[in-house]
Amino acid sequence: MRPQVFPENLTGWTAAQVRAAEAPLLAAGEPLMRQAAAALAEVVREVLRDRGAPVEQGPGILVLAGSGDNGGDALFAAAELAGEGARVSVIATGSRVHEEAAAAARAAGAHWVQLDAGLEPAVREAAVILDGIIGIGGDSPALRGDARTAVARIRELLHLTDPERDARADRPAIVAVDLPSGVHSDDGSVPDPTVLPADVTVTFGAVKAGLL
């Protein structure tokens, strides 16, 4: 990826401020999730091009889809990319998924894989991993249950626990949806180190204070 340059005085916004700004737009029927997903899909296309694997060549994309809106953003983006030729695998990391987004992804050709048997081959085949597990909701961002299990296993498979072995050019690019799951959106704290370190973060609406 090309380096990103940000203004020196970039402003960060809290989760409460972001929700307050979004509320009138949602009430007016603005399709914010679809807009976020379209922007996310475009960044993933750029990441794939930079890695020499444009989407029309059928690269693998692994989506970690949580129960909330970030999971929906990731699945709607995955639907766009699958429709253009990408081989999309989805692992549901929560008790449910965003139904409309999941239906769109399935209709475009994405397939669901099981955490226990399907995670490792999906990681091995992926050019990009989309981290759509959790976002700005909840009091604590610490991963739990299947989400934590999936991230811990991916960290092992990609040697992310050993910086000297983390060969970024030879592993999937990790794209965080809104912010890396496990990082507090307001203050950047990480209560549990089981987090996927993002190569690219696509944040929506406003820069989350925790990213700064």
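If you're wondering where the values come from, they're calculated on a predicted model, not measured in any experiment.

### What to know about the packing of helix H5 (residues 115-125) against helix H6 (residues 145-157)
Step number 1: Relative to each other, H5 and H6 sit at 40°, their axes nearing to 11 Å. Taken together, the axes of H5 and H6 lie oblique to each other. Note that H5 runs across H6; the crossing there is right-handed. Along the contact surface, H5 presents Leu115, Leu119, Glu120, Val123 and Arg124, while H6 presents Asp146, Thr149, Ala150, Arg153, Ile154 and Leu157.
Step number 2: Among the residues making up the contact of H5 with H6, the classes are represented as six nonpolar, one polar and four charged.

### Description of the pattern of salt bridges
Step number 1: Counted according to the given criterion, the structure contains 12 salt bridges.
Step number 2: Between arginine 49 and glutamate 42 there is a salt bridge, and its shortest N-O distance comes to 3.5 Å.
Step number 3: The residue glutamate 125 makes a salt bridge to arginine 87 at a minimum N-O spacing of 3.7 Å. On the criterion of sequence distance, the pair formed by glutamate 125 in helix H5 and arginine 87 in strand S2 (residues 87-92) is long-range, its members being 38 residues apart.
Step number 4: The exposure class of glutamate 125 is partly exposed, given its relative accessible area of 49%.
Step number 5: Sharing partners across several salt bridges, the network here consists of Glu42, Arg45, Arg49, Glu80 and Glu84.

### A word on the nonpolar core
Across soluble globular proteins, you tend to see nonpolar side chains buried next to one another.
Step number 1: Counting residues in each nonpolar core, the largest one holds 37 residues, and the members touching the most others are Leu40, Ile61, Val63, Leu75 and Val88.
Step number 2: Those elements that provide at least two residues to this core are helix H2 (32-50), strand S1 (60-65), helix H3 (69-83), S2, helix H4 (99-108), strand S4 (126-132), strand S5 (173-177) and strand S6 (200-202).
Step number 3: The residues touching isoleucine 61, leaving out its near neighbours within four places in the chain, are Val44, Leu48, Leu81, Ala86, Arg87, Val88, Ser89, Val128 and Leu130.
Step number 4: Ile91, Leu119, Ile174 and Leu196 belong to the second-largest nonpolar core, a separate cluster that totals 21 residues.

### Notes on the packing of H2 against H3
Step number 1: For the pair H2 and H3, interaxial distance at closest approach is 8 Å and the crossing angle is 55°. Taken together, H2 and H3 sit at an angle that is classed as oblique. H2 and H3 meet at a crossing whose hand is right-handed. Residues Met33, Arg34, Ala36, Ala37, Ala38, Leu40, Ala41, Val44 and Arg45 of H2 form the contact with H3, whose own contacting residues are Asp69, Gly72, Asp73, Ala74, Phe76, Ala77, Glu80 and Leu81.
Step number 2: When grouped by side-chain class, the residues that make up the contact of H2 with H3 number 11 nonpolar, one polar and five charged.

### Some points on helix H1 (residues 15-27)
Step number 1: End to end, H1 covers 18 Å across 13 residues, agreeing with the expected 18 Å (1.5 Å per residue, within 8%).
Step number 2: The largest bend along H1 measures about 25° and falls at alanine 21, with the proline proline 24 one to four residues further on.
Step number 3: Backbone geometry just downstream of H1 places glycine 29 in the positive-phi region, at approximately 85°.

### So, the pairing of S5
Step number 1: Among the five residues in S5, five count as buried, and that is most of the element.
Step number 2: Here S5 shows no split at all, with Ala173, Val175 and Val177 on one side and Ile174 and Ala176 on the other all buried.
Step number 3: Here S4 pairs with S5 via four bridges, running parallel. Its bridge partner being in S5, valine 128 is matched across the sheet by alanine 173.
Step number 4: With three bridges joining them, S5 and S6 adopt parallel strand pairing. Looking across to S6, one finds that valine 177 is bridged to valine 202.

Rules of the game
Residues numbered from 1 in each chain as written. Predicted model: local features only at pLDDT ≥ 70, side-chain atom pairs only at ≥ 80, totals over all residues. Heavy atoms only, no water. Axes fitted to C-alpha atoms, helices over the stretch in contact; angles between N-to-C directions. Helix = DSSP H or I, 4+ residues; strand = E, 2+ residues; numbered from the N terminus. Parallel < 35°, antiparallel > 145°, perpendicular 65-115°, else oblique. Left-handed = near helix turned anticlockwise from the far one by under 90°. Contact = heavy atoms within 4.5 Å. Nonpolar A, V, L, I, M, F, W, Y, C, P; charged D, E, K, R; others polar. Salt bridge = Lys/Arg side-chain N within 4 Å of Asp/Glu carboxyl O. Buried < 20%, exposed > 50% of the residue type's maximum accessible area, 1.4 Å probe, protein only. Core = buried A, V, L, I, M, F, W, Y, C linked by side-chain atoms within 4.5 Å. Expected span 1.5 Å × (residues − 1). Bend = angle between axes of the 7 residues up to and from the residue. Pairing = 2+ DSSP bridges.

It is worth stressing that arrangement in space is one thing and function is another; only the former is reported here.
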